[in-house]
Amino acid sequence: MPIRHSIVGIDSPDRLAAALQDAQYIADEGLSTAAYLALALGKPLLLEGAPGVGKTEGAKAIASILGRQLVRLQCYEGIDAAHALYEWNYPRQMLSIRQAHDEYVNIYSDEFLIARPMLDALRHPRDTVLLIDEIDRADHEFEAFLLEFLSDFSISIPERGTVRATEHPVVVLTSNRTRELHEALRRRCVYHWIDYPHPALEAQIVMMRASTVAQDTANRVVAAVGALRAEPLAKPPGVAETVEWAEAATLLNHQGAPWPAAFRRAIGVALKDHDDLLFMQPRLDQILDEAAA
Ligand SMILES: Nc1ncnc2c1ncn2[C@@H]1O[C@H](COP(=O)(O)OP(=O)(O)OP(=O)(O)O)[C@@H](O)[C@H]1O
Ligand SMILES: [Mg+2]
């Protein structure tokens, strides 16, 4: 089978994982395999997972190792095609018509076209990675429109005709799974659920992202965060919170706060919900003691 998006020297999931690690991103076997297959088969990669598990960062790392620019479309409730595709620059068109007097102006030339992420990716499929971030926030209509886009990678601009990609661009979609995505959309993609990382991997991420943190501290934070995630919290800490908690506690420790008080005092970077804080307050010391053991 031909490799659609060949990357020099990357001919297996393991090699992809190594390249991602060079780009400061740790991918386990499941993720590196899904990403490798998506690239090799020329299919979009759909990453689902809880907040803060590294979905967006994963797309950035893929763009980085491919040496491409990441073009990001952030989805939200009410997003429509104009935000995703293109818009005409009306004020500029008006100004040009006024300044042209009687001369002809093509107000539908490139000069007046504002390309949004999806058109950008179609026009430069070799130079970009298109990230469609948090697709679950968009409504069903937009999802249907997206499905069409992912089927034939072409866009119709009524004033200009059809723009078709010369090859399939690399596309990464992410979802926090606040709602189920359409079956048809999933079918188009290679799917991977990103779980919270294994403790050893999460400690590795902490060490990689926060250079001031000692291995011991990283291990403790990871153990404490693991215990917090086992609780019924409204906002369980993501990987970003783990990294920040380790950094913040290290800072306080350097300023004289002993362990585990440094962790306790820096709790505001790990738990960011008042009810969660109140709920955990009575058990926090025990969790921190156990994490140190
Ligand atoms: N596998 C990883 N390797 C390296 N760093 C990671 C990894 N996973 C998460 N991180 C760190 O966690 C931070 C948050 O990750 P990211 O923003 O990608 O999460 P997300 O899943 O997109 O969250 P959200 O759903 O809130 O958008 C990143 O900036 C990075 O520092
Ligand atoms: Mg994200």
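Scroll up to find the structure.
Keep in mind that this is a model prediction, so the values were computed, not measured.

**Points about the layout of surface pockets**
Thinking step 1. Approximately 540 Å³ is the volume found for the largest pocket.
Thinking step 2. Taken together, 29 residues form the lining of the largest pocket, with G52, V53, G54, K55 and V239 sitting closest to its centre.
Thinking step 3. Elements that contribute at least two residues to the lining of the largest pocket include exactly α3 (55-66), β9 (190-194), α9 (199-209) and α11 (239-254).
Thinking step 4. Of the residues in the lining of the largest pocket, the class split is 15 nonpolar, seven polar and seven charged.
Thinking step 5. In this model, the second largest pocket occupies a volume close to 180 Å³.
Thinking step 6. For the second largest pocket, the full set of lining residues is A50, P51, G52, Y196, A234, K235, P236, P237, G238, E241, A270 and K272.

**With respect to the site of ligand 1**
Thinking step 1. Taken together, 16 residues form the shell around ligand 1, and within it I26, G52, K55, E57 and N176 come nearest.
Thinking step 2. Here an oxygen atom of ligand 1 sits 3.2 Å away from a polar atom, N or O, in the main chain of V53.
Thinking step 3. At a separation of 2.8 Å, an oxygen atom of ligand 1 approaches a polar side-chain atom of K55.
Thinking step 4. The protein chains hide 82% of the 640 Å² of surface that ligand 1 would expose on its own.
Thinking step 5. With respect to the detected pockets, ligand 1 is housed in the largest pocket.
Thinking step 6. Elements supplying a minimum of two residues to the shell around ligand 1: α3, α9 and α11.

**Structural notes on the pairing of strand β8 (residues 170-175)**
Thinking step 1. Within β8, six of the six residues are buried, which leaves it mostly tucked inside the rest of the structure.
Thinking step 2. A two-sided burial pattern is seen for β8, the buried positions comprising V170, V172 and T174 on one face and V171, L173 and S175 on the other.
Thinking step 3. Note that strand β5 (residues 128-133) and β8 share four bridges and pair parallel. If you follow V129 over to β8, its bridge partner there is V170.

Rules used in this analysis
By convention here, each chain's residues receive numbers from 1 onward along its written sequence. In the order they appear in the text, chains get letters beginning with A and ligands get numbers beginning with 1. This being a predicted model, a pLDDT of at least 70 is required before a residue's local features are given, and a value of 80 or more before pairs of side-chain atoms are given or counted; all residues contribute to the totals for chains, interfaces and linings. To obtain the side-chain values, all non-hydrogen atoms of the structure were used and water was disregarded. As defined here, a cavity is a set of points on a 1 Å grid over the protein atoms alone where a 1.4 Å probe fits but cannot get out. A pocket is an open set with protein on both sides within 12 Å along at least five of seven lines, and residues line them when an atom is within 4 Å of a point. Grid points are joined across faces, edges and corners, and a volume is the space filled by probe spheres set on the points. Helix and strand definitions here come from DSSP, where helices need a minimum of 4 consecutive H or I residues and strands a minimum of 2 consecutive E residues; each element is numbered from the N-terminal end. Put simply, Ala, Val, Leu, Ile, Met, Phe, Trp, Tyr, Cys and Pro go in the nonpolar bin, Asp, Glu, Lys and Arg in the charged bin, and everything else, Gly too, in the polar bin. Nearness is judged by heavy atoms alone; a residue qualifies as near a molecule or strand once a single heavy atom is within 4 Å of it. What qualifies as a polar contact is a pair of N or O atoms within 3.5 Å, subject to a donor-acceptor requirement within protein and to the restriction that residues adjacent in sequence count only when both atoms come from side chains. Residue burial considers only the protein chains on display, and all accessible areas are found by Shrake-Rupley using a 1.4 Å probe. Assignment of a molecule to a cavity or pocket requires that more than half of its atoms lie within 2 Å of the corresponding grid points. Relative accessible area decides the class of each residue, using a 1.4 Å probe on protein chains only: under 20% of the type maximum gives buried, over 50% gives exposed, and in between gives partly exposed. Any two strands are treated as partners once DSSP identifies two or more bridges connecting them.

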